[in-house]
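# Structure assessment
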Amino acid sequence: MKSKLFLLLAVIVTSALFAYYWTPYAIDDAWITYRYAEHIGAGDGFVYNPGERVLGTSTPLYTLLLAGAHALGMSVPVVSYVVGFAATLGTIVGVFLLTRLLHSELAAFLAVAVLVMTPQFHKVATYGMETPLYVCMIVYAFYAYATRRHTVAFALAAGCLVTRLDGAAVGAALFGAYLVEYRRLPWKHIALYLAIAVPWFVYSQLYFGTFLPNSFLAKRQHMNTSLQGWMLRWIVVRAAAVPAAVGGLATLFATRTRLLALPMLLWSSAYVTAYTLSSLWRHQWYFMPITVPLAIFGAIGVVRVSEWLVRDRQARQWAVGATAVLLLAPDVLTTVRQLRSGPYYDPIEGVRYDVARWMRDNVPRSAVITTGGIGVVGYFTGNYILDSAGLVSPQVVGQVGPEFFLDTAVNQFRPDYVLISRYEMPDFVPDDYAFVKTWPTPSEEVPYYRLACRVPCVGGLPLETAP
């Protein structure tokens with residue numbers, strides 16, 4: 001009864017945070033997947049721009065799930081929010097069950113509390129992306145393995161791979177743990193894993209000419225080696241970092257739990273190493289998966305240290321409670337500050353949403369639009385999008401770096417409209433482009449969105465009279 005009441009409280013808190021952070025717009029990247037899903041569901045093929053077979057979404061399984069919803073007449077953004085919310089609650093339950101199995105109910109209570117209050121967990125859940133479902137599948141893959149339901153575990157691991165390419169680490173961790181435990185390869189489970197995952201890669205190779213998302217290839221051009229190390233730096237300053245290291249080692253060296261915890265420990269190490277060494281941008285959704293092992297092993301570490309230091313059971317519970325306050329305090333304070341500042345996690349997203357709706361109502365559907373933030377603009381306008389970030393437009397991706405993608409898009413392809421996230425017209429833009437409308441934002445990094453057209457504007461939109 002106690003555990004059920006606690007889980008109910010955790011669900012209530014998570015639901016309240018989700019409702020508060022929810023906005024009518026998801027983060028921009030989500031709308032790329034939504035547009036793919038609606039084209040698939042409408043029978044137009046797995047395309048972003050009709051007729052162009054470019055894999056610009058990095059989450060094929062989630063895209064197909066949303067495509068099915070669209071084919072049934074459901075709203076893709078609404079379904080995505082519902083799935084994300086349900087998966088977030090499912091993850092909370094899964095973390096409780098897995099932590100209790102690895103140590104105790106007391107540790108499970110603390111793990112859930114840490115997880116729920118981590119901003120990178122409860123905020124990313126409202127982004128409208130595949131991440132909550134992906135994290136939920138990871139948790140239950142490891143829980144299924146720990147409860148000896150290997151078929152379920154490897155099936156979920158294959159689902160993780162088709163959901164995101166970095167999901168390969170989940171399967172690798174399970175196969176590695178199985179080999180360590182049983183000293184043989186799980187041929188039956190390997191066959192199951194391949195039967196689920198291989199069809200997508202074969203289809204992708206035949207349909208797109210590659211199984212690597214073009215967004216992945218474009219982002220390699222966006223990389224900046226000065227960004228390396230952000231994942232490890234974020235973990236090191238977490239309050240749960242040291243307890244998680246203690247808990248991970250304690251679990252690994254405990255006879256009862258070492259084989260049960262080994263898959264998650266292997267996956268966590270691979271995930272952190274990969275993103276620490278990568279030069280990708282520090283997007284918040286990359287942190288959500290790793291919040292799970294931090295919460296689980298951090299909680300186990302706190303309880304194990306209390307067991308070593310305090311023998312009296314009641315005193316030990318008080319010690320865990322006092323430590324939990326210290327563990328939770330930074331995230332609680334961060335969450336309170338965010339709640340006081342307002343529900344919007346990014347000040348420019350709301351403005352970009354307004355830009356997209358204005359363009360939908362004013363820019364002709366026949367016009368070609370170039371923009372670097374293609375998600376919400378592409379979804380709402382339905383226009384042909386020439387992506388100056390290269391995610392769905394490989395023709396603009398050169399070898400010289402992303403700062404030249406817009407130059408390539410404008411000068412080589414001469415689009416009808418260009419959405420620019422700066423006030424001045426870039427020097428490389430030809431003289432026959434002029435501004436149509438300006439949207440100021442509250443962001444210092446992106447203070448303006450400005451829409452320029454190639455004069456005369458398709459659709460006859462008037463130019464701005466003042467700079």
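Structural data are supplied above this passage.
Residues numbered from 1 in each chain as written. Predicted model: local features only at pLDDT ≥ 70, side-chain atom pairs only at ≥ 80, totals over all residues. Heavy atoms only, no water.

### Concerning the overall build of the protein
Within the protein one finds 19 helices and five strands. Taken over the C-alpha trace, the protein has a radius of gyration of 24 Å; the compact-globule value for 467 residues is 23 Å, and the two agree within 12%. Here the protein, with 467 residues, has 55% of them falling under the buried criterion. In the protein, the share of contacts with a sequence separation of at least 24, taken over all contacts with a separation of at least 6, comes to 69%. Working note: accessible area of the protein is about 20200 Å², and carbon and sulfur atoms make up 63% of it. Separation between the mean location of the 34 positive side-chain charges and that of the 27 negative ones in the protein comes to 15 Å. (Helix = DSSP H or I, 4+ residues; strand = E, 2+ residues; numbered from the N terminus. Rg over C-alpha atoms; globule rule 2.2 N^0.38 Å. Buried < 20%, exposed > 50% of the residue type's maximum accessible area, 1.4 Å probe, protein only. Contact = heavy atoms within 4.5 Å. Areas by Shrake-Rupley, 256 points an atom, 1.4 Å probe, with all protein chains shown as cover. Lys, Arg positive; Asp, Glu negative; His and termini not counted. Charge placed at Lys NZ, Arg CZ, Asp CG, Glu CD.)

### Some details on the pairing of strand S3 (residues 417-420)
Alternating residues of S3 divide into Tyr417 and Leu419 and Val418 and Ile420, and every residue in both groups is buried. Of the strand pairs in this sheet, strand S1 (residues 368-371) and S3 are connected by two bridges, and their pairing is parallel. Residue pairing for S3: Ile369 is matched across the bridge by Tyr417. (Pairing = 2+ DSSP bridges.)

### Brief notes about the nonpolar core
Grouped together as the largest cluster of nonpolar side chains are 139 residues, with contacts concentrated most on Trp31, Phe142, Met231, Ile296, Phe297 and Tyr417. In this structure, Leu406, Val410, Ile420 and Ala452 belong to the second largest nonpolar core, which totals eight residues. (Core = buried A, V, L, I, M, F, W, Y, C linked by side-chain atoms within 4.5 Å.)

### Here's the deal with the side chain of Thr438
The topology assignment puts Thr438 in strand S4 (residues 433-440). At 2.7 Å, the side chain of Thr438 and the side chain of Arg450 are in polar contact. If we ignore the near neighbours within four places in the chain, the residues touching Thr438 are Tyr423, Tyr448, Tyr449, Arg450 and Glu464. (Polar contact = N/O pair within 3.5 Å; in protein donor to acceptor, adjacent residues only side chain to side chain.)

### Some details on the pattern of salt bridges
All chains considered together, the criterion is met by 13 salt bridges. Note that Arg100 and Glu105 form a salt bridge whose closest N and O atoms lie 3.8 Å from each other. With its nearest N and O atoms 3.1 Å apart, the salt bridge here joins Asp361 to Arg360. Ionic contacts of the salt-bridge type, sharing partners, join the residues Asp28, Glu349 and Arg352 into one network. (Salt bridge = Lys/Arg side-chain N within 4 Å of Asp/Glu carboxyl O.)

### Notes on helix H8 (residues 150-163)
The end-to-end C-alpha distance of H8, which contains 14 residues, comes to 20 Å, matching closely the 20 Å that a straight helix rising 1.5 Å per residue would cover. Counted residue by residue, H8 has 10 buried out of 14 residues, so it is predominantly covered. Every buried residue of H8 is accounted for by His150, Ala153, Phe154, Ala157, Ala158, Gly159, Cys160, Leu161, Val162 and Thr163. Summarising the contacts, the buried residues of H8 are in contact with helix H3 (60-71), helix H7 (131-146), helix H9 (168-182) and helix H10 (187-208). (Expected span 1.5 Å × (residues − 1).)

### Some words on the side chain of Asn214
Among the secondary structure elements, Asn214 is positioned in helix H11 (residues 214-222). Given the relative accessible area of 11%, Asn214 is considered buried. Among the polar contacts made by the side chain of Asn214, one reaches the main-chain carbonyl oxygen of Leu391 at a distance of 3.0 Å. When sequence neighbours within four positions are dropped, the list of residues in contact with Asn214 reads Val54, Leu55, Gly390, Leu391, Val392, Ser393 and Pro394.

### Things to note about the packing of helix H4 (residues 76-102) against H7
Here H4 crosses H7 at 25°, and the two axes come no closer than 8 Å. By the angle between their directions, the pair H4 and H7 is classed as roughly parallel. Seen from above, H4 lies across H7 with left-handed handedness. Listed contacts from H7 to Val83, Gly84, Ala87, Thr88, Gly90, Thr91, Val93, Gly94, Val95, Leu97, Leu98 and Leu101 of H4 are Pro132, Leu133, Val135, Cys136, Val139, Tyr140, Phe142, Tyr143 and Ala146. By residue class, the composition of the contact of H4 with H7 is 16 nonpolar, five polar and no charged. (Axes fitted to C-alpha atoms, helices over the stretch in contact; angles between N-to-C directions. Parallel < 35°, antiparallel > 145°, perpendicular 65-115°, else oblique. Left-handed = near helix turned anticlockwise from the far one by under 90°. Nonpolar A, V, L, I, M, F, W, Y, C, P; charged D, E, K, R; others polar.)

### Some thoughts on the packing of aromatic side chains
Inspection of the entire model under this criterion finds 37 aromatic pairs. Both rings, one in Tyr178 and one in Tyr182, keep their centres 4.4 Å apart while their planes meet at 40°; by these two values the pair is tilted. In this pair, Tyr178 and Tyr182 are both assigned in helix H9, four residues apart and thus about one turn of the helix distant. On the numbers, 6.4 Å between centres and 90° between planes, the contact of Tyr203 with Phe208 is edge-to-face. A relative accessible area of 34% places Tyr203 in the partly exposed class. Taking relative accessible area as the criterion, Phe208 reaches 12% and is therefore assigned buried. Here a set of aromatic residues connected by ring pairs shows up, and it is made of Tyr127, Phe142, Trp230, Trp234, Trp267, Tyr271, Tyr275, Trp285, Tyr286 and Phe287. The lysine or arginine in question, Arg35, covers the ring of Tyr48, its NZ or CZ lying 4.1 Å from the ring centre. (Phe/Tyr/Trp six-rings, centres within 6.5 Å; stacked < 30°, edge-to-face > 60°. Lys NZ or Arg CZ within 6 Å of the ring centre and 35° of its normal.)

### Digging into the state of the cysteines
A complete count under the given rule lists one disulfide for this structure. Across the disulfide, Cys453 is cross-linked to Cys457 (sulfur-sulfur distance 1.8 Å). Its S-S torsion of about -45° marks the bond between Cys453 and Cys457 as left-handed, since a negative value means left-handed. Cysteine Cys160 shares no disulfide, and the gap to the nearest cysteine sulfur, in Cys136, comes to 9.6 Å. (Disulfide = S-S within 2.5 Å.)

### Quick look at the packing of helix H5 (residues 105-117) against helix H15 (residues 288-309)
If you want to describe how two helices pack, look at the angle between their axes and the distance between the axes. Following both chains from N to C, one finds H5 and H15 inclined at 140°, their axes separated by 8 Å at the closest point. One element, H5, and the other, H15, form an angle in the oblique class. Viewed along their axes, H5 and H15 form a crossing whose handedness is right-handed. Along the contact surface, H5 presents Leu106, Ala107, Leu110, Ala111, Val114 and Leu115, while H15 presents Thr291, Val292, Ala295, Ile296, Ala299, Ile300, Val302 and Val303. Taken together, the residues of the contact of H5 with H15 sort by class into 13 nonpolar, one polar and no charged.

### Examining the sheet that holds strand S2 (residues 384-387)
Taken together, the five strands give an open sheet; going across it, the order is S2-S1-S3-S5-S4, and neighbouring strands pair in mixed fashion. Each edge of the sheet is formed by a strand with only one pairing partner; in this case those strands are S2 and S4. If you compare each strand with its neighbour and ignore which way they point, the axes differ by 25° on average.

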